[in-house]
Amino acid sequence: SILSEPIDDTINNMAFIPVIIASLLFLCVRLMNLGVWSSDTNIYFYTAYQLLQGKVLYQDIFFTNLPLFPYISTIYFFLVGKNLALYYVTASVEVIVTTFLLYKIVIDKTKDIFISTLCMLAYMTSFIVLSTSLHQDGVHLAAMFSVAGYYFLTTKKYSLSGLFVALSFVTKAYFVPIFFAFSIFLLSKKRKAVIPFLVSFLSTVLVIILPSLILTQHGFINDLFHYSLIRAQQTSKSEMFLFFMSHDY
């Protein structure tokens, strides 16, 4: 059986069969349950529509995170043919890309298809992924970028690693611990790689947020910082943590 043998030159072309099959099944299940629900996904879809109508983020559109996800949502808007139900599926596509990356990382490290398949399935079929990928809110896009950043870190392409970690950060700002984790690792293990990583990270962040700083600096600061400081907590983080731990222990 292909799953029970270490990978070698004779099965290189077949090594990705498990992740391809799993991804197709995952996507089929999502497409079979296609629909529109009460979700923040609808807000992001409408934000993309407003951007394409010439509205300016943080000026005409109230937004409380960094700007990359709304920009990418405009691309999704066209790719799904302006179909809101299909826009929901883009999160599942992001999960599939992340799954491929995880599989590639593990199979490069272990040369073992069985172990790589188990790791891939542990991610794809986890409760937290199955439940959150029903909606498109940019979280899985940021996760995809961060895993891509880790992949390039393992392949010693530090500039690309910095670029993708930056993309995850400007998609969802609370992914910033990934940046600190990578930076600490490089400072302690590979100091020569710190400069290309940091230069790439900072350059990417600057390029993406610069239009907002130029066009609507006040709105950018107000939406991101002032509002976040005064808004009430919506969902208890401890209750959310315990909920997912009880399902995904």
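Residues numbered from 1 in each chain as written. Predicted model: local features only at pLDDT ≥ 70, side-chain atom pairs only at ≥ 80, totals over all residues. Heavy atoms only, no water.

### Notes on the overall build of the chain
When you go through the chain residue by residue, the secondary structure sums to twelve helices and zero strands. Taken over C-alpha atoms, the radius of gyration comes to 20 Å for the chain, in line with the 18 Å a tight globule of 249 residues would show. Each of the three principal axes of the chain carries a C-alpha extent, and together these read 60 × 50 × 35 Å. Counting over 249 residues, the chain shows a buried share of 43%. Working note: accessible area of the chain is about 14000 Å², and carbon and sulfur atoms make up 68% of it. Charge-centre separation for the chain: the mean point of 15 positive side chains lies 10 Å from the mean point of 12 negative side chains. (Helix = DSSP H or I, 4+ residues; strand = E, 2+ residues; numbered from the N terminus. Rg over C-alpha atoms; globule rule 2.2 N^0.38 Å. Buried < 20%, exposed > 50% of the residue type's maximum accessible area, 1.4 Å probe, protein only. Areas by Shrake-Rupley, 256 points an atom, 1.4 Å probe, with all protein chains shown as cover. Lys, Arg positive; Asp, Glu negative; His and termini not counted. Charge placed at Lys NZ, Arg CZ, Asp CG, Glu CD.)

### Quick word on empty space enclosed by the protein
Counted under the stated rule, the structure contains one cavity of 30 Å³ or more. Of the volumes computed, that of the largest cavity is approximately 80 Å³. Looking at the largest cavity, the residues that line it are Arg30, Asn33, Leu34, Gly35, Trp37, Ala85, Tyr88, Val89, Ser92, Ser133 and Leu134. In terms of residue class, the lining of the largest cavity is made up of six nonpolar, four polar and one charged. (1 Å grid on protein atoms, 1.4 Å probe; cavity = no way out; pocket = protein on both sides within 12 Å on 5 of 7 lines; lining within 4 Å. Points joined across faces, edges and corners; volume = space filled by probe spheres on them. Nonpolar A, V, L, I, M, F, W, Y, C, P; charged D, E, K, R; others polar.)

### A word on the packing of aromatic side chains
Throughout the structure, instances matching the rule amount to 23 aromatic pairs. Where Tyr151 meets Phe152, the ring centres are 5.3 Å apart and the plane angle is 65°; that geometry is what we call edge-to-face. Phe152 gets classed as buried once you look at its relative accessible area, which sits at 15%. Between the aromatic rings of Phe182 and Phe197, the centroid separation amounts to 6.3 Å while the plane-to-plane angle is 40°, which identifies the pairing as tilted. Taken together, the positions of Phe182 in helix 9 (residues 176-189) and Phe197 in helix 10 (residues 194-215) put the pair 15 residues apart, joining distant regions of the chain. According to the relative accessible area criterion, Phe182 is buried, its value standing at 9%. In this structure Phe197 comes out as buried when scored by relative accessible area, which is 1%. An aromatic cluster is defined as three or more aromatic residues linked by ring pairs; in this entry it consists of Phe45, Tyr46, Tyr49, Tyr76, Phe77, Phe78 and Tyr87. (Phe/Tyr/Trp six-rings, centres within 6.5 Å; stacked < 30°, edge-to-face > 60°.)

### Brief notes about helix 8 (residues 158-171)
Along its 14 residues, helix 8 runs 20 Å from first to last C-alpha, staying within 8% of the 20 Å computed at 1.5 Å per residue. The buried count for helix 8 comes to eleven of 14 residues, which makes it a mostly enclosed element. Every buried residue of helix 8 is accounted for by Tyr158, Ser161, Gly162, Phe164, Val165, Ala166, Leu167, Ser168, Phe169, Val170 and Thr171. Buried residues along helix 8 sit against helix 3 (68-79), helix 7 (139-154), helix 9 and helix 10. (Expected span 1.5 Å × (residues − 1). Contact = heavy atoms within 4.5 Å.)

### Topic: helix 4 (residues 84-110)
Counted at 1.5 Å a residue, the expected span for helix 4 with its 27 residues is 39 Å, and the 41 Å between its end C-alpha atoms agrees. For helix 4, the capping residue at the N-terminal end is Asn83, with a side-chain oxygen 2.9 Å from the backbone nitrogen of Ala85. Just downstream of helix 4 lies Lys111, where phi reads positive at about 60°. (Polar contact = N/O pair within 3.5 Å; in protein donor to acceptor, adjacent residues only side chain to side chain.)

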